[in-house]
Amino acid sequence: MAETGKVENYLKGEIKKHGTVCLPLIDSENSTDAASIAKKVEEAGASAVLVGGSSAIDQMELGKVVTDIKAAARIPVILFPGNVTGVSPKADAILFSSLLNSEDPYFITGAQALGALAVKKHGIEALPTAYIIVGEGTAAWFVGRARGIPFHKPNLAVMYSLAAQYMGMRFVYLEAGSGAAQSVTPEMVAAVRKYYDGTLIVGGGIKTPDAAGAIAKAGADVIVVGTMIEKDGDWQQKLSAMIKAMRRAR
Ligand code: 1GP
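Residues numbered from 1 in each chain as written. Predicted model: local features only at pLDDT ≥ 70, side-chain atom pairs only at ≥ 80, totals over all residues. Heavy atoms only, no water.

### Examining the packing of aromatic side chains
For clarity, the cut-off: Centres within 6.5 Å are what make two rings of Phe, Tyr or Trp a pair, Trp counting through its six-membered ring; a difference in plane orientation under 30 degrees is then read as stacked, over 60 as edge-to-face, and the rest as tilted. Strands here mean DSSP runs of E at least two residues long; helices mean DSSP runs of H or I at least four residues long; both are numbered from the N terminus. A simple rule labels every residue: compare its accessible area, found with a 1.4 Å probe on the protein chains alone, to the largest value its type can have, and call it buried under 20%, exposed over 50%, or partly exposed in between.
Summed over the entire model, instances satisfying the criterion amount to 4 aromatic pairs. Taken together, a centroid distance of 5.2 Å and an interplanar angle of 15° make the contact between F80 and Y173 stacked. Placement of the pair is F80 in strand β3 (residues 77-81) and Y173 in strand β6 (residues 171-175), with a sequence separation of 93 residues. Relative accessible area serves as the criterion here: at 2%, Y173 is assigned to the buried category. An aromatic cluster of at least three residues, connected via ring pairs, comprises F80, Y131 and Y173.

Spelled out as structure tokens, the structure:
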């Protein structure tokens, strides 16, 4: 069995130090200036950057975004692939994810088999992740053919998360989807936290310090913030307030 790698150990250290950490998501399709965004998120206190998106398919663009971020910031770059096209050589790690509640085996094991050798060849550290989609109507839900877990059914998320743990997945990502009108509820996060022993990532629709604080308090180890960074001009201060709220919460 392979030992846990550098990025995983680094993340564990960050979580130990801060309680809940923030991984901002830079969408390789929508970011015109990934380097300056990465610098700003690093200054605001982010622990690493996620790069990807459920409908990102342009690998040249992705490669450029990863290279630009690496040149501008010191925090690790972690790929967040929506498909095999989400693998890119210069990244430090990848959320090697199985969309557990997809109805299409392609998103559970198919894309993973197709992408695995590229991950190996480029020496990217794989972080074994159960990707679980909550709610519906988002791009991740649509593209991944997910049977979204209803927001008010925390037990279903617990079942999937515990199954993920028993299958050896050291990360669970509860995803409401980018730009979701509603984020995963603190009740669902708390229910999963009670049973799941690995690193718990929560994302989708988290836009305010209060929302981030409540999810952190419920037991999220990592909070992903995407849309807030892409759209709002004055986002750096807001992100820094969200990160402070996460750290205070635990
Ligand atoms: C999406 O969870 C991430 O995959 C981030 O969501 O864009 O809504 O912050 P937002």
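### Quick notes on the side chain of D104
Where we set the bar: By the criterion applied in these results, polar contacts are pairs of N or O atoms within 3.5 Å in which, for protein atoms, one can donate a hydrogen and the other can accept it, and in which residues neighboring in sequence qualify only through two side-chain atoms.
Take D104: it is sitting in the loop between β4 (93-99) and α4 (105-121). At 2.9 Å, the side chain of D104 forms a polar contact with the backbone nitrogen of Y106. For D104, the side chain forms a polar contact with the side chain of R145, separated by 3.4 Å.

### Let's talk about the pattern of salt bridges
In plain terms, the rule: When a carboxyl oxygen of Asp or Glu is within 4 Å of a side-chain nitrogen of Lys or Arg, the pair counts as a salt bridge.
Overall, the coordinates contain 7 salt bridges when judged by the stated rule. The partner of D104 in a salt bridge is R145, with the nearest N and O atoms 3.4 Å apart. Here R145 lies in the loop between α5 (139-143) and α6 (154-166) and D104 lies in the loop between β4 and α4, a separation of 41 residues in the sequence. For R145, a relative accessible area of 51% translates into the label exposed. With a closest N to O distance of 2.8 Å, D221 and R193 form a salt bridge. Of this pair, D221 sits in the loop between α8 (209-217) and β8 (222-225) while R193 is found in helix α7 (residues 186-195), placing the two residues 28 residues apart along the sequence. Ionic contacts of the salt-bridge type, sharing partners, join the residues R193, D221 and R250 into one network.

### Looking at the environment of A214
Here A214 is to be found in helix α8. Separated by 139 residues in sequence, A214 and I75 place their C-alpha atoms 25 Å apart.

### Some remarks on the layout of surface pockets
Note the following rule: Space inside and on the surface of the protein is sampled on a 1 Å grid over the protein atoms alone, with a cavity defined as a set of points where a 1.4 Å probe fits but cannot get out and a pocket as an open set with protein on both sides within 12 Å along at least 5 of 7 lines; lining residues have an atom within 4 Å of a point. Grid points are joined across faces, edges and corners, and a volume is the space filled by probe spheres set on the points. Note on residue classes: Ala, Val, Leu, Ile, Met, Phe, Trp, Tyr, Cys and Pro are nonpolar, Asp, Glu, Lys and Arg are charged, and everything else, Gly too, is polar.
Put simply, the largest pocket is a space of about 360 Å³. Among the secondary structure elements, those contributing two or more residues to the lining of the largest pocket are β1 (21-27), α5, β6, β8 and α9 (227-231). Broken down by element, the residue count for the lining of the largest pocket peaks at 3 residues, all from α9. Residues of the lining of the largest pocket, tallied by class, amount to 11 nonpolar, 13 polar and 5 charged.

### A look at empty space enclosed by the protein
Tallied over the full model, the rule gives 2 cavities of 30 Å³ or more. The calculated volume of the largest cavity comes to roughly 330 Å³. Along its surface, the largest cavity is lined by 23 residues, and P81, G82, N83, S97 and Q112 are the ones closest to its centre. Where the lining of the largest cavity is concerned, the elements lending two or more residues are β3, β4, α4 and α5. Looking at the lining of the largest cavity, the element that brings in the most residues is β4, giving 6 residues.

### Some points on the nonpolar core
Formally: Within this scheme, the nonpolar core is defined by two criteria: the residues are buried Ala, Val, Leu, Ile, Met, Phe, Trp, Tyr or Cys, and they are joined through side-chain atoms within 4.5 Å. Between two residues, a contact is recorded if the distance between any of their heavy atoms is within 4.5 Å.
In terms of nonpolar packing, the biggest core is built from 60 residues, with V41, I69, L174, V202, I223 and L239 touching the most fellow members. Setting aside chain neighbours within four positions, we find I223 in contact with T20, V21, C22, L23, V202, I206, A212, I215, A216 and M246. Core analysis: the next-biggest nonpolar cluster, separate from the first, contains 24 residues, I15, L25, A140 and A146 among them.

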